[in-house]
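Breakdown of the fold
In case you want the letters, here they are:
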Amino acid sequence: MDMGELRDRGLVLLGCGKMGSAMLAGWLKGGLPARSVWVREPHPSDWLKAQGVHLDGPLPPGPAIVLVAVKPQMMAEALPALAGFGGGGTLFLSVAAGTTIASYEATLGAATPIVRAMPNTPAAIGRGITAICGNARATEAHLALAEALLSAVGQVVRLEGEHQMDAVTAVSGSGPAYVFHLIEALAAAGAAEGLPEALAMKLAKATVAGAGALAEAAAEDPAQLRVNVTSPGGTTAAALKVLMDEGRGFPALLREAVHAAAERGRELGK
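Values in this document were obtained by computation on a predicted structure and should not be read as measured data. Per chain, residue numbering runs from 1 following the sequence as it is written. The predicted nature of this model means local features are confined to residues of pLDDT at least 70 and side-chain atom pairs, given and counted, to a pLDDT of 80 or more, with totals for whole chains, interfaces and linings taken over all residues. To get the side-chain values, all heavy atoms of the structure are used, and hydrogens and water are removed first.

1. Points about the pairing of strand S2 (residues 37-40)
Both faces of the sheet carry side chains from a regular strand, because those side chains alternate between them. For two strands to be treated as a pair, DSSP must find no fewer than two bridges joining them. By definition, any uninterrupted DSSP run of H or I lasting at least four residues is a helix, any uninterrupted run of E lasting at least two residues is a strand, and each is numbered from the N terminus. As paired strands, strand S1 (residues 11-14) and S2 are joined by four bridges and run parallel to one another. From the neighbouring strand, leucine 13 faces S2, where its bridge partner is valine 39. Here S2 pairs with strand S3 (residues 54-55) via two bridges, running parallel. Following the sheet pairing, valine 39 is matched in S3 by leucine 55.

2. Things to note about unusual backbone geometry
One non-glycine residue, aspartate 56, lies in positive phi territory at about 55°. Mapped onto the elements of the fold, aspartate 56 is located in the loop between S3 and strand S4 (65-68).

3. Here's the deal with the nonpolar core
Working definition of a nonpolar core: buried Ala, Val, Leu, Ile, Met, Phe, Trp, Tyr and Cys residues. They are joined through side-chain atoms within 4.5 Å. Each residue is assigned to one of three classes by its accessible area relative to the maximum for its type, calculated with a 1.4 Å probe on protein chains only: buried under 20%, partly exposed between the two thresholds, exposed over 50%. Within the largest apolar cluster, 32 residues are counted, with the highest numbers of intra-cluster contacts made by Leu13, Leu24, Trp27 and Leu93. Of all elements in the fold, only S1, helix H2 (18-29), S2, S4, strand S5 (91-94), strand S6 (114-118) and helix H6 (140-150) reach the threshold of two or more residues within this core. Note on definitions: a residue-residue contact is assigned when non-hydrogen atoms from the two residues lie within 4.5 Å. Discounting residues that sit within four places of it in the chain, leucine 93 has contacts with Ile65, Val66, Leu67, Val68, Val115, Ala117, Ala146, Leu149 and Leu150. Ranked by size, the runner-up nonpolar core spans 23 residues in total, among them Val68, Ala78, Phe85 and Ala131.

4. Side note on the packing of helix H8 (residues 175-192) against helix H9 (residues 197-217)
Pairs of packed helices are described in terms of their axes, by the angle between the two and the distance that separates them. In the contact formed by H8 and H9, the axes pass within 8 Å of each other and the chain directions differ by 140°. The angle between the axes of H8 and H9 places the two elements in the oblique class. As H8 packs across H9, the resulting crossing turns out to be right-handed. Counted together, Val179, Leu182, Ile183, Leu186, Ala187, Gly190 and Ala191 of H8 and Glu197, Ala200, Met201, Ala204, Lys205 and Val208 of H9 form the full contact between these two elements. For the contact of H8 with H9, the per-class residue count stands at ten nonpolar, one polar and two charged. Orientation is described by axes fitted as lines to C-alpha atoms, over the contacting stretch for helices, and by angles from 0 to 180 degrees between their N-to-C directions. Angles are sorted into four bins: roughly parallel if under 35 degrees, roughly antiparallel if over 145, roughly perpendicular if 65 to 115, and oblique for all others. For any helix crossing, the convention is left-handed if the near helix is rotated counterclockwise from the far helix by under a right angle, and right-handed if that rotation is clockwise. Residues are sorted three ways: Asp, Glu, Lys and Arg are charged, Ala, Val, Leu, Ile, Met, Phe, Trp, Tyr, Cys and Pro are nonpolar, and all the rest, Gly among them, are polar.

Everything listed here is a matter of geometry and, on its own, says nothing about what the molecule does.
If you want it as structure tokens, here you go:
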């Protein structure tokens, strides 16, 4: 199954909120014709209405792919209507957090090829990273198609299996929120040292964004980049003494935070 077949047979997008819209914008920009896309979305945005896709009408008889992007709590209502596409001819690709492959198989049948994906919110600006894994029926061609579609909003990585999904969710799925909180806390700390709040926030945002971009672009690893900024006995060293403290600094705090997120993911998946 390739992009040509996708254009001919069509793609059904179940749910078109923030994540669905980001992906759809990427595909349309990448050359997927709007007439090849059918969208089911109870609250379509003005942007979505203006794209020329088939909106909430009858679906094509045998779409190449159904992309499930509804909120997990909407799943029980939305998915059974598409159970007729189960059984093998259509690939189901899910970006819904927490919904396991087994729960899709229960509704769609075990013969259905299913790829589960965990994207993150920087997808909205094409800077996401998405991890994918497939069920026993998902072939290399299915995974390649899922990868091609998801690369419209950023990088894609493949997992060994679904058992790694809770850890991925805890690192990259929930991770943007940790970074946003870092920005908040860094700005508040700057204000506490006497900077105007707006200036402290501007410095914090640009610093975190710039450091992230440098970490991705540089040949050195982040540990070496950290060393490069740290003069012995200087200001950075004084701060890192606090942050790198094994008991109360970033190492312990992030380990605990990521573990809590992964555990919650395991509970939700049961």
